[in-house]
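The residues making up each chain are set out below.
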Amino acid sequence: MAVRVAVAIVAALLLAAPVASSAQDAARMAMARVRLTTDPRLPVGCTTLGTIDDTSVKDLRRKVVRLGGDTALLSFPANDLERMNAVVFRCPASTAPAAARPPGATASPPPPNGAPTPHVPPPPPSGAPPPPPPTGSAPATK
């Protein structure tokens, strides 16, 4: 009887291991796709989800993912040099950060050989602009 219980426990652990592993992989992938920036122009057109703070970049990324975000606008308070504050955003797929694309992938095909590269700015986002970040949470703009 004890052998059967031991076999059942081992089998349950072996079956649960791939599920836990794939959940960890998914969390790591989501954290790797988070874009951290100090440029307040980057999240224009993105939805503001909230604010977070931490002293660890890994934990900060984890909090961004928990809020459902993919971009965080960082600021650093002068009175606590170890702490990072962040406004969390979710950006539309069309304006998703370039870091989320695989290395070597481009947004559009390259121009034919010898043709100049045209610079066409993206269209402005539709709807009302997002509200400004809370006072003191974003770095000053130039």
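Check the entry above for the structure.
Residues numbered from 1 in each chain as written. Predicted model: local features only at pLDDT ≥ 70, side-chain atom pairs only at ≥ 80, totals over all residues. Heavy atoms only, no water.

Participant: Tell me about the environment of Val-87, and please be specific about residues and values.
Facilitator: Position of Val-87 relative to the elements: it lies in strand S4 (residues 84–90). Residue classification places Val-87 among the buried positions, given a relative accessible area of 0%. Placed 46 residues apart in sequence, Val-87 and Pro-133 show a C-alpha to C-alpha distance of 6.8 Å. (Helix = DSSP H or I, 4+ residues; strand = E, 2+ residues; numbered from the N terminus. Buried < 20%, exposed > 50% of the residue type's maximum accessible area, 1.4 Å probe, protein only.)

Participant: Hey, could you go over the pattern of salt bridges for me, with residue numbers and the actual values?
Facilitator: A side chain of one charge can pair with a side chain of the opposite charge if their charged atoms are brought near each other. All told, the structure shown has 5 salt bridges when counted by the stated rule. Between Asp-54 and Lys-63 there is a salt bridge whose closest N-O contact spans 2.9 Å. By relative accessible area, Lys-63 is classed as partly exposed at 26%. Notably, a salt bridge pairs Asp-80 with Arg-83, separated by 3.6 Å at the nearest N-O pair. Judged by relative accessible area, which is 30%, Asp-80 ranks as partly exposed. Residue class for Arg-83 comes out partly exposed when judged on its relative accessible area of 26%. (Salt bridge = Lys/Arg side-chain N within 4 Å of Asp/Glu carboxyl O.)

Participant: Before we move on, could you go through the pairing of strand S3 (residues 71–75) and cite the residues and values that matter?
Facilitator: Most of S3 sits inside the fold, with 5 of its 5 residues counted as buried. What you see with S3 is no split at all: Thr-71, Leu-73 and Ser-75 on one side and Ala-72 and Leu-74 on the other are buried throughout. Sheet topology note: the strand S1 (residues 35–37)/S3 ladder contains 3 bridges and is parallel. Looking at the pairing, Thr-37 lines up with Leu-73 of S3. (Pairing = 2+ DSSP bridges.)

Participant: So what's going on with the sheet that holds S4? Residues and values would help.
Facilitator: The 4 strands are arranged S1-S3-S4-S2 in an open sheet whose pairing can be described as mixed. Single-partner strands in this sheet number two, and they are S1 and strand S2 (47–54). Recorded for the sheet is a direction-independent mean angle of 25° between the axes of neighbouring strands. This element, helix H2 (residues 57–67), spans S1, S2, S3 and S4 of the sheet and lies at about 150° to S2. (Axes fitted to C-alpha atoms, helices over the stretch in contact; angles between N-to-C directions. Contact = heavy atoms within 4.5 Å.)

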